[in-house]
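# Examining the three-dimensional arrangement
Single-letter residue listing:
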Amino acid sequence: MVKKTRIDLAVGQARAAELVKRYRDRLVEHDRIPPDRALRLACQAYAEGYVYVTAAPGQVWKRSVQQGTAADRLLVLSFDQSWEGRTVLCEYLGGEYDELLLEELRDHYTLHSWPADDGGEPVWGAPGADDEPDRDRDRY
């Protein structure tokens, strides 16, 4: 099993609580799930890093097993719902673009950081990130 980054380490406790609350509200409104059960489901989805809930544009994901290449980190640009399944358009640290299935993102990457707000920039030095200096910190 691949170790996932806790959402609160990537975005902080206050924003993690806000994300859980918004997902809970969506479950209550759209799926008509009782609020207490919706809260448990929302907490579980974020705690387990359920990629269909947690993945969002602006996030930086780090390869679970580093290979020393530009593909070790990627920036999520957008999503696409295609006949193959839900995919993510991403930009690798080296400037190349690719489209990955969300399952590939889940299986080979962990959430590294998320913008400070909806219009924010990716935060390379997020709490819980690796301690080694990042030569390409200002890439994005």
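Before reading further, recall that the structure is shown in the block above.
Quick caveat, the model's predicted, so the values are computed rather than measured.

Parameters and conventions
- Residues numbered from 1 in each chain as written.
- Predicted model: local features only at pLDDT ≥ 70, side-chain atom pairs only at ≥ 80, totals over all residues.
- Heavy atoms only, no water.
- Helix = DSSP H or I, 4+ residues; strand = E, 2+ residues; numbered from the N terminus.
- Expected span 1.5 Å × (residues − 1).
- Buried < 20%, exposed > 50% of the residue type's maximum accessible area, 1.4 Å probe, protein only.
- Arc of directions from axis to C-beta.
- Contact = heavy atoms within 4.5 Å.
- Salt bridge = Lys/Arg side-chain N within 4 Å of Asp/Glu carboxyl O.
- Core = buried A, V, L, I, M, F, W, Y, C linked by side-chain atoms within 4.5 Å.
- Axes fitted to C-alpha atoms, helices over the stretch in contact; angles between N-to-C directions.
- Parallel < 35°, antiparallel > 145°, perpendicular 65-115°, else oblique.
- Left-handed = near helix turned anticlockwise from the far one by under 90°.
- Nonpolar A, V, L, I, M, F, W, Y, C, P; charged D, E, K, R; others polar.
- Phe/Tyr/Trp six-rings, centres within 6.5 Å; stacked < 30°, edge-to-face > 60°.

### Some words on helix H3 (residues 35-47)
Here H3 contains 13 residues, and its C-alpha end-to-end distance of 18 Å stays within 8% of the 18 Å for a straight helix at 1.5 Å per residue. Residues Ala-38, Ala-42, Ala-45 and Tyr-46 constitute the buried set of H3. For H3, the angular spread of buried residues about the axis comes to 90°, placing them on one side. Of the exposed residues in H3, those oriented more than 90 degrees away from the buried face are Asp-36, Arg-40 and Ala-47. In this structure, the buried side of H3 is in contact with helix H1 (7-11), helix H2 (13-31) and helix H4 (51-54).

### Description of the pattern of salt bridges
Scanning all chains against the criterion turns up five salt bridges. The shortest N-O distance in the salt bridge between Lys-21 and Asp-25 comes to 2.9 Å. Of the two residues, Lys-21 and Asp-25 both sit in helix H2, four residues apart, roughly one turn of that helix. Classification of Lys-21 as partly exposed rests on a relative accessible area of 44%. Here Arg-63 makes a salt bridge to Asp-72, at a shortest N to O gap of 3.3 Å.

### Some details on the nonpolar core
Ranked by size, the top nonpolar core spans 30 residues in total, and within it Ile-7, Trp-61, Leu-74, Leu-105 and Tyr-109 carry the most contacts. At the level of elements, H1, H2, H3, H4, strand S2 (73-82), strand S3 (85-92), helix H5 (102-108) and strand S5 (109-113) are the ones that each hand at least two residues to this core. Of all the elements, H2 adds the most residues to this core, at five residues.

### Concerning the packing of H2 against H3
Packing of H2 against H3 leaves a shortest axis separation of 8 Å and a crossing angle of 130°. Comparing the axis directions of H2 and H3 gives the class oblique. Crossing handedness for the pair H2 and H3: right-handed. Within the contact between the two elements, H2 uses Leu-19, Val-20, Tyr-23, Arg-24, Leu-27 and Val-28 and H3 uses Pro-35, Ala-38, Leu-39, Leu-41, Ala-42, Cys-43, Ala-45 and Tyr-46. Residues that form the contact of H2 with H3 fall into these classes: 13 nonpolar, no polar and one charged.

### Looking at the packing of aromatic side chains
Tallied over the entire structure, the rule returns two aromatic pairs. When the ring of Tyr-23 is compared with that of Tyr-46, the centres are 6.3 Å apart and the planes differ by 80°; the resulting orientation is edge-to-face. Remark: Tyr-46 occurs in helix H3 and Tyr-23 occurs in helix H2; sequence separation between them is 23 residues. The class of Tyr-23 is buried, set by a relative accessible area of 15%. Taking relative accessible area as the criterion, Tyr-46 reaches 7% and is therefore assigned buried. Look at Tyr-50 and Tyr-52: their rings are 5.4 Å apart centre to centre, the planes differ by 50°, and that puts the pair in the tilted class. A relative accessible area of 45% places Tyr-50 in the partly exposed class. Assessed through its relative accessible area of 30%, Tyr-52 is described here as partly exposed.

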